[in-house]
Amino acid sequence: MTNKMWGGRFASGPSEIMEEINASIGYDQRLYNQDIDGSLAHAKMLGDTGILTAADVKKISKGLEDIRKEIADGKFEFSRQLEDIHMNVEQRLRELIGDTAGRLHTARSRNDQVATDFKLYIRQTIDHLAEQIGTLQYVLAQKAAEHADVVMPGYTHLQSAQPVTFGHHCLAYVEMLGRDRSRFKDARKRLNECPLGAAALAGTSFPIDRKQTAKALGFDRPTANSLDSVADRDFVLEALSAASISAIHLSRFAEELVIWSSAEFRFIHLSDGYTTGSSIMPQKRNPDAAELIRAKIGRILGAFNSLAIVMKGLPLAYSKDMQEDKEVAFDALDNYSLALAAMTGMISDMEPNVERLAKSAGGGFSTATDIADWLVRVLALPFRDAHHITGSIVAMAEKQDLQLDQLSLEDMQKVEPKITKDIFNVLSVENSVKSRTSYGGTAPTAVRKMANKWIKALEKEGLSS
């Protein structure tokens, strides 16, 4: 049998294989709220412009709200033969109110309908994700304020470089997440144009009011070109791109948490709520939450690549290929949201091992740069000369298996006779971090100030843990 919704031209129905490859209802049913919202706005506009009667609009609107309740209550039976959420809703509306349901599709196509539904969904998802990112920023900023004085090793090339503070390290991710959040907000601004009324690809001859439907659905304006309206999936790609970049940041932090929680480092303690045990080794505490967050980037970036590959070769306007946009986007954004939630919980419970961090902060001659800076500041040596002298002092300490602050003044004066005992004031990790008072530096005073700035800003937005 033919599909009653579009099958007038066809003598028979699709094959089982065609039905299998064509149906999207298994995943796009989650768009039911957006689909009904769009239909309600469209029906009202058709009534206000005189295209439909007030009685038809009232009948259609009540039917749509009844369907919304059926779906929300789990009483709606979705049909694969009807392919997607749009046709499932329309067929059920026909069952409820009769032939009047067919008038709802006046001056629109599934092409502009699905673009509108998906834009509404992505916009709502972006708002939720931006809030989650803000909450994670808040948790990290709180940790930064709480541990602004806790010294730890800072690394380049995963080699001990200079001492920093634990709070400073937390704030690095607050900054990254701030950029992530701004990318989502920028994407939201660009997507906030309404495709409804573009119809299949060429617009419509009916005297519709696209500005009315755009306003009713919370868009800034209607889209300006009907071809672009139904062919555009930039808004999905932008959301997936923003999620991919942010997931990279989460993955980098997750990698550090895995390293820091290992027996070799013991920099932090992760709670039982975000670790697991071993089936054979009773001593194990595995950072599985961090490892799974680290893994999520694969499927999130994969979704972006998948959709980019789908879109790259499509001529205007709509092609069925574009149905492949939703499943990957749903999966990627769901998993990104889950990763944010897991990271927020893990950071909330995380506690730094203050003594271990402090002990490690002094390793690897991490205050060597402070010696060079002292030579420049106190002895007025050119930095390159100071760098060479400091290197010789480090080599001496390494040969004697001593830390820099364990060398004698006499030993250092063998390298540079003008060095005085005051140099020992810069050799402690505490004094090193306290000296880094430049804007954005690791000094505890600077860290506390920046952390409190973030906390106040996020609280002003109504975001907190």
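The structure under discussion appears in the preceding block.
Residues numbered from 1 in each chain as written. Predicted model: local features only at pLDDT ≥ 70, side-chain atom pairs only at ≥ 80, totals over all residues. Heavy atoms only, no water.

## Examining the overall build of the chain
Along the backbone of the chain there are 18 helices and six strands. Taking 23 Å as the expected radius of gyration for a compact globule of 465 residues, we find that the chain reaches 30 Å, considerably beyond that expectation. With respect to the three principal axes, the spread of C-alpha positions in the chain is 100 × 55 × 40 Å. With an accessible surface of roughly 22,700 Å², the chain has 52% of that area assigned to carbon and sulfur atoms. One finds the centroid of the 56 positive side-chain charges in the chain at a distance of 4 Å from the centroid of its 62 negative side-chain charges. (Helix = DSSP H or I, 4+ residues; strand = E, 2+ residues; numbered from the N terminus. Rg over C-alpha atoms; globule rule 2.2 N^0.38 Å. Areas by Shrake-Rupley, 256 points an atom, 1.4 Å probe, with all protein chains shown as cover. Lys, Arg positive; Asp, Glu negative; His and termini not counted. Charge placed at Lys NZ, Arg CZ, Asp CG, Glu CD.)

## Here we look at a nonpolar patch on the surface
A cluster of nonpolar side chains, namely Leu201, Leu227 and Leu316, defines an oily patch on the protein surface of about 270 Å² accessible area. One can find leucine 227 in helix H9 (residues 226-231). For leucine 227, a relative accessible area of 33% gives the class partly exposed. (Patch = residues over 30% accessible without salt bridge, like charges linked within 9 Å, V, L, I, M, F, W, Y side chains within 5 Å. Salt bridge = Lys/Arg side-chain N within 4 Å of Asp/Glu carboxyl O. Buried < 20%, exposed > 50% of the residue type's maximum accessible area, 1.4 Å probe, protein only.)

## Things to note about the packing of aromatic side chains
Per the counting criterion, the structure on display carries 10 aromatic pairs. Ring geometry for phenylalanine 118 and phenylalanine 235: centres 6.0 Å apart, planes at 80°, overall edge-to-face. A residue pair is termed long-range when its members are at least 10 positions apart, and phenylalanine 118 in helix H6 (residues 110-146) and phenylalanine 235 in helix H10 (residues 234-260) qualify at 117 residues. The same class applies to phenylalanine 118 and to phenylalanine 235, which are both buried. Judged by centre distance (5.0 Å) and plane angle (75°), the rings of tyrosine 121 and phenylalanine 330 are edge-to-face. Residue tyrosine 121 is located in helix H6, and its partner phenylalanine 330 is located in helix H12 (residues 324-349); the two are separated by 209 residues in the primary sequence. On the accessibility criterion, tyrosine 121 (10% relative accessible area) is buried. According to the relative accessible area criterion, phenylalanine 330 is buried, its value standing at 3%. Taken together, the aromatic side chains of Phe118, Tyr121, Phe235 and Phe330 make up a single cluster linked through ring pairs. The ring of phenylalanine 330 carries arginine 30 above its face, with NZ or CZ at 4.4 Å from the centroid. In this arrangement the basic side chain of arginine 123 is found over the ring face of phenylalanine 219, its NZ or CZ atom lying 4.8 Å from the centre. (Phe/Tyr/Trp six-rings, centres within 6.5 Å; stacked < 30°, edge-to-face > 60°. Lys NZ or Arg CZ within 6 Å of the ring centre and 35° of its normal.)

## Things to note about the packing of H10 against helix H11 (residues 288-311)
The contact between H10 and H11 brings their axes to 8 Å, and the two run at 160°. Between H10 and H11, the interaxial angle falls into the category roughly antiparallel. Remark: the crossing between H10 and H11 carries left-handed chirality. (Axes fitted to C-alpha atoms, helices over the stretch in contact; angles between N-to-C directions. Parallel < 35°, antiparallel > 145°, perpendicular 65-115°, else oblique. Left-handed = near helix turned anticlockwise from the far one by under 90°.)

## A short note on the pattern of salt bridges
Here the structure, examined in full by the defined rule, presents 28 salt bridges. A salt bridge links arginine 68 to glutamate 65; the shortest N-O distance between them is 2.9 Å. Of this pair, arginine 68 and glutamate 65 both sit in helix H4 (residues 54-72), three residues apart, roughly one helical turn. Judged by relative accessible area, which is 17%, arginine 68 ranks as buried. Residue glutamate 65 is classed as partly exposed on the basis of its relative accessible area of 37%. Here the salt bridges do not stand alone but share partners, grouping Glu83, Asp84, Arg110 and Lys320 into one network.

## Considerations on the pairing of strand S1 (residues 151-156)
If a strand is regular, its side chains alternate between the two faces of the sheet. In terms of strand pairing, S1 meets strand S2 (residues 159-165) through six bridges, oriented antiparallel. Bridging from a neighbouring strand, proline 153 pairs with proline 163 of S2. The loop that links S1 with its antiparallel partner S2 comprises two residues; one of these, histidine 157, has a positive phi angle of about 60°. (Pairing = 2+ DSSP bridges.)

## Points about the side chain of serine 229
By secondary structure assignment, the location of serine 229 is in helix H9. You can call serine 229 buried: its relative accessible area is 3%. At a separation of 2.5 Å, a polar atom in the side chain of serine 229 contacts the side chain of threonine 223. Looking at serine 229, its side chain comes within polar contact range of the main-chain oxygen of asparagine 225, at 2.6 Å. When sequence neighbours within four positions are dropped, the list of residues in contact with serine 229 reads Ala115, Pro195, Ala198, Arg210 and Thr223. (Polar contact = N/O pair within 3.5 Å; in protein donor to acceptor, adjacent residues only side chain to side chain. Contact = heavy atoms within 4.5 Å.)

## Here's the deal with the nonpolar core
Core analysis: the biggest nonpolar cluster contains 97 residues, and Leu257, Tyr336 and Met343 have the highest contact counts within it. Setting aside residues up to four positions removed in sequence, tyrosine 336 forms contacts with Leu129, Ile133, Phe184, Ala243, Ser246, Ala247, Leu250 and Ile300. (Core = buried A, V, L, I, M, F, W, Y, C linked by side-chain atoms within 4.5 Å.)

## Observations concerning the environment of leucine 52
Tracing the backbone shows leucine 52 in the loop between helix H3 (32-48) and H4. Each C-alpha atom of the pair leucine 52 and arginine 356 lies 74 Å from the other, and the pair is 304 residues apart in sequence. Beyond its immediate chain neighbours, meaning those up to four positions away, leucine 52 contacts Leu46, Gly47, Val57, Ile60 and Arg103.

## A look at unusual backbone geometry
Outside of glycine, negative phi angles account for most residues, and trans bonds account for most peptide bonds. Of note, the amide linkage connecting leucine 316 to alanine 317 takes the cis form, showing an omega dihedral of 10°. Structurally, the position occupied by alanine 317 is in the loop between H11 and H12. The phi torsion at arginine 266 lies on the positive side, around 55°, for a residue other than glycine. By secondary structure assignment, the location of arginine 266 is in the loop between H10 and strand S5 (268-269).

## Focus: the environment of aspartate 73
Within the secondary structure, aspartate 73 sits in the loop between H4 and helix H5 (85-97). A relative accessible area of 40% places aspartate 73 in the partly exposed class. In this structure the C-alpha to C-alpha distance between aspartate 73 and alanine 451, which are 378 residues apart in sequence, comes to 45 Å. Side-chain polar atoms of aspartate 73 contact the side chain of lysine 69, separated by 2.7 Å.

## Considerations on the packing of H6 against H10
Across the interface, H6 lies against H10 with an axial gap of 10 Å and an inter-helix angle of 20°. Looking at the two axes, H6 sits roughly parallel to H10. Our pair here, H6 against H10, has a crossing hand that is left-handed. Between H6, through Ala115, Phe118, Lys119, Ile122, Ile126, Leu136 and Leu140, and H10, the contact on the second element is made entirely by Phe235, Val236, Ala239, Leu250 and Phe253.

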